[in-house]
Amino acid sequence: MNDLSLFLPCAAGVEELLAQEVHALTGRVGQDLLTLRGGVRVRAEWRDALKLNLHSRLAQRVLIELAHAPYRSENDLYAIASGVAWEIWFTPKQTFKIETTAQHSPLQSLNFATLRIKDAIADRFRAKAGGVRPSIETQWPDCRVFAHLTTDDCTLYIDTSGEPLFKRGWRQDTGDAPLKETLAAAMLAASGWWNPETGEVATQPLYDPCCGSGTIAIEAAQIQSGIPAGWLRSFGFEKLLAFQPHVWAAIKAAAEEAGASHEPGPANIFGSDVAHRMVDFAERNAERAGVADRIEFRGGDALQRMPPVDVGTTGGVMVVNPPYGERIEVGGIAGADSAANTARFGARESAQTEGGDASGDFFPQLASHWKKNYAGWTGWVLTPDLQLPKRMRLKESRRVPMWNGPIECRLFKFDMVKGSARTPKAPVT
């Protein structure tokens, strides 16, 4: 267990940030830490797998690679899976589930491919355990096996995380299409407010004017407070045969000691939402996350809410995930009737202001509000609309590719100055 190949999948666009975080947590460099498409591979020990599960804010899972070999047919998959010593990971009395993904696989049916891998695991257990085999459980399995097929190769993993790592354990109250905690952390890292390699956070105030159930603010407050991402949850490795309670207890004790000695700095994180119901959700989530005293949540329309604090010359940072995607039309139209507008924008943000101004487009109005009232702030906006800077009549100073599930997005950076962001034309003489 001291020479494992771990693969940590993440959202597309987050790979470099995750590599920085894994380096900080494991110390691995060079060929022991490779940034790949869709994740990071690291040579590490069993203790590192446990530590990564507890601390990583950017990874979706921590997988242990058990086999990697070429294939041409389902029978090849059976042979590859048969050669894995599954009996050292779980027992025939436990349940398991297989999840198969593929990129350009020549096989006709992933279901049949999954079935052949399942048969191989069951047959190996029958041979090793006197005819006894583990059962399949699709909802709450004791162990999860992942198979990934490319054009030529099959890779088999055993999962150590259980539920995906974005499920931190504190978010019980949500609205429509909530932002995953892992993506919220990625936005904070990409904005520079949090450095995943050093663990440092900016001293500038952080504000989410469309906070929904509070994901961005709560993630930031936990980082600021030194609370591990997985502190409130359990993990899949606790059901694997390699699990040793005293090792896990020591890792958690070290994290608790580090947290106790952590200097969190000023409580300067803020969130607001037009729906007071969502503000209540955010406050309850923050309480469960242990950071209620570090965040100030308020109700209020993003088109009317003034800065929560005077940033002076230090500036402030806004990190915003406005509503978009299949649930709504990108951006929305403020001129729509109130009921339709609320249905499109959900509880996160209504494009129509509370004052009843239904003229114009939401995002140009938001840009005007920011330019007028948020001089000195930097705004980071996640959106699938590549034309958003043009629609907001703002010039972005940076754009970071980032995927929100299946939705390709950009994280745009806007530096707020009063008045128009355009260079005035010289007078005609």
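Our structure's up above, just so we're on the same page.
S.K.: When you look at the sheet that holds strand E2 (residues 33-36) in this model, what are you seeing that I'm missing?
M.R.: One key point about sheets: their strands pair by backbone hydrogen bonds, in either a parallel or an antiparallel sense. Strands sit in the order E2-E3-E1-E4-E8-E7-E5-E6 across an open sheet of eight strands; the sheet is mixed. Of all strands in the sheet, those with a lone pairing partner are E2 and strand E6 (135-136), marking the two edges. The pairing of strand E5 (residues 95-102) with strand E7 (residues 143-149) spans seven bridges and is parallel. Residue pairing in the sheet places Glu99 in a bridge with Phe146 of E7. The sheet contacts of helix H2 (residues 46-55) involve strand E1 (4-9), strand E3 (39-44) and strand E4 (63-70), and relative to E1 the element is tilted by about 15 degrees.

S.K.: Looking at this model, I keep getting lost on unusual backbone geometry. Mind explaining?
M.R.: Most of the time, phi is negative for any residue but glycine, and the peptide bond is trans. Of note in the backbone geometry, His104 takes a positive phi value of approximately 60 degrees without being a glycine. Following the sequence through the fold, His104 ends up in the loop between E5 and helix H4 (110-128). Of note in this structure, Arg393 is not a glycine but carries a positive phi near 60 degrees. If you trace the backbone, Arg393 turns up in the loop between helix H11 (388-392) and strand E14 (398-404).

S.K.: What should I look at first to understand the packing of aromatic side chains in this one?
M.R.: The geometry of an aromatic ring pair is captured by two quantities: the separation of the ring centres and the angle between the planes. Following the criterion strictly, the structure yields 13 aromatic pairs and no others. Between the aromatic rings of Phe90 and Phe96, the centroid separation amounts to 5.8 Å while the plane-to-plane angle is 35 degrees, which identifies the pairing as tilted. According to the relative accessible area criterion, Phe90 is buried, its value standing at 0%. One aromatic cluster is present, built from ring pairs that chain together Phe235, Phe237, Phe243 and Trp248.

S.K.: Just checking my understanding: could you explain the layout of surface pockets for this structure?
M.R.: Its volume calculated, the largest pocket comes out at about 870 Å³. Along the walls of the largest pocket sit 27 residues, with Phe7, Pro9, Gly38, Thr101 and His148 positioned nearest its centre. Listing elements by their share of the lining of the largest pocket, those giving two or more residues are E1, E4, E5, E7 and strand E8 (153-159). The biggest single contributor to the lining of the largest pocket is E5, with four residues. Tallied by class, the residues present in the lining of the largest pocket amount to 11 nonpolar, 10 polar and six charged.

S.K.: How should I be thinking about the sheet that holds strand E15 (residues 407-415) in this particular structure?
M.R.: The strand order E11-E10-E9-E12-E13-E15-E14 describes an open sheet built from seven strands, whose pairing is mixed. Edge positions in the sheet fall to strand E11 (295-299) and E14, since each of these pairs with one other strand and no more. Across the sheet, the axes of successive neighbouring strands diverge by a mean angle of 20 degrees, strand direction being ignored. Bridge count between strand E13 (residues 377-383) and E15: six bridges; the pairing is antiparallel. Residue pairing across strands places Thr383 opposite Arg410, the latter belonging to E15. The sheet contacts of helix H5 (residues 181-191) involve strand E9 (206-208), strand E12 (316-320), E13, E14 and E15, and relative to E14 the element is tilted by about 165 degrees. Where helix H8 (residues 276-289) meets the sheet, it contacts strand E10 (269-273) and E11, and its direction lies at approximately 165 degrees from that of E11.

S.K.: Explain helix H3 (residues 74-82) to me, please; I cannot follow it from the model alone.
M.R.: Since the α-helix turns once every 3.6 residues, residues separated by three or four places project in the same direction. Buried residues of H3: Glu74, Leu77, Ile80 and Ala81, and no others. Burial along H3 is one-sided: seen end-on, the buried residues are contained in an arc of 110 degrees. Each element contacted by the buried residues of H3 is listed here: E4, H4, E7 and E8.

S.K.: It is not clear to me how the pattern of salt bridges should be interpreted in this structure. Could you clarify?
M.R.: What the rule picks out here adds up to 22 salt bridges. Residues Arg391 and Asp361 are paired through a salt bridge, measuring 2.8 Å at the closest nitrogen-oxygen approach. Here Arg391 is found in helix H11, whereas its partner Asp361 is found in the loop between helix H9 (338-345) and helix H10 (362-373), with 30 residues between them in sequence.

S.K.: What is the right way to look at empty space enclosed by the protein in this model?
M.R.: Rolled over the atoms, a probe with the dimensions of a water molecule shows which regions are left empty. Per the counting criterion, the structure on display carries two cavities of 30 Å³ or more. Lining the second largest cavity, in full, are Tyr207, Phe270, Gly271, Ser272, Glu296, Arg298, Arg305 and Pro308. Those elements that provide at least two residues to the lining of the second largest cavity are E10 and E11. Residue contributions to the lining of the second largest cavity peak at three residues, all from E10.

S.K.: Sorry, what's going on with the packing of H5 against helix H6 (residues 215-225) here?
M.R.: The geometry of a pair of packed helices is captured by two quantities: the angle between their axes and the separation between those axes. Between H5 and H6, the shortest axis-to-axis distance is 9 Å and the interhelical angle comes to 70 degrees. Relative to H6, the element H5 lies roughly perpendicular. Read as a crossing pair, H5 and H6 show a hand that is right-handed. Contacts from Glu181, Ala184, Ala185, Met187 and Leu188 of H5 reach H6 at Thr215, Ile216, Glu219, Ala220 and Ile223. Its residues assigned to classes, the contact of H5 with H6 comprises seven nonpolar, one polar and two charged.

The rules behind these values
Residues numbered from 1 in each chain as written. Predicted model: local features only at pLDDT ≥ 70, side-chain atom pairs only at ≥ 80, totals over all residues. Heavy atoms only, no water. Pairing = 2+ DSSP bridges. Helix = DSSP H or I, 4+ residues; strand = E, 2+ residues; numbered from the N terminus. Contact = heavy atoms within 4.5 Å. Axes fitted to C-alpha atoms, helices over the stretch in contact; angles between N-to-C directions. Phe/Tyr/Trp six-rings, centres within 6.5 Å; stacked < 30°, edge-to-face > 60°. Buried < 20%, exposed > 50% of the residue type's maximum accessible area, 1.4 Å probe, protein only. 1 Å grid on protein atoms, 1.4 Å probe; cavity = no way out; pocket = protein on both sides within 12 Å on 5 of 7 lines; lining within 4 Å. Points joined across faces, edges and corners; volume = space filled by probe spheres on them. Nonpolar A, V, L, I, M, F, W, Y, C, P; charged D, E, K, R; others polar. Arc of directions from axis to C-beta. Salt bridge = Lys/Arg side-chain N within 4 Å of Asp/Glu carboxyl O. Parallel < 35°, antiparallel > 145°, perpendicular 65-115°, else oblique. Left-handed = near helix turned anticlockwise from the far one by under 90°.

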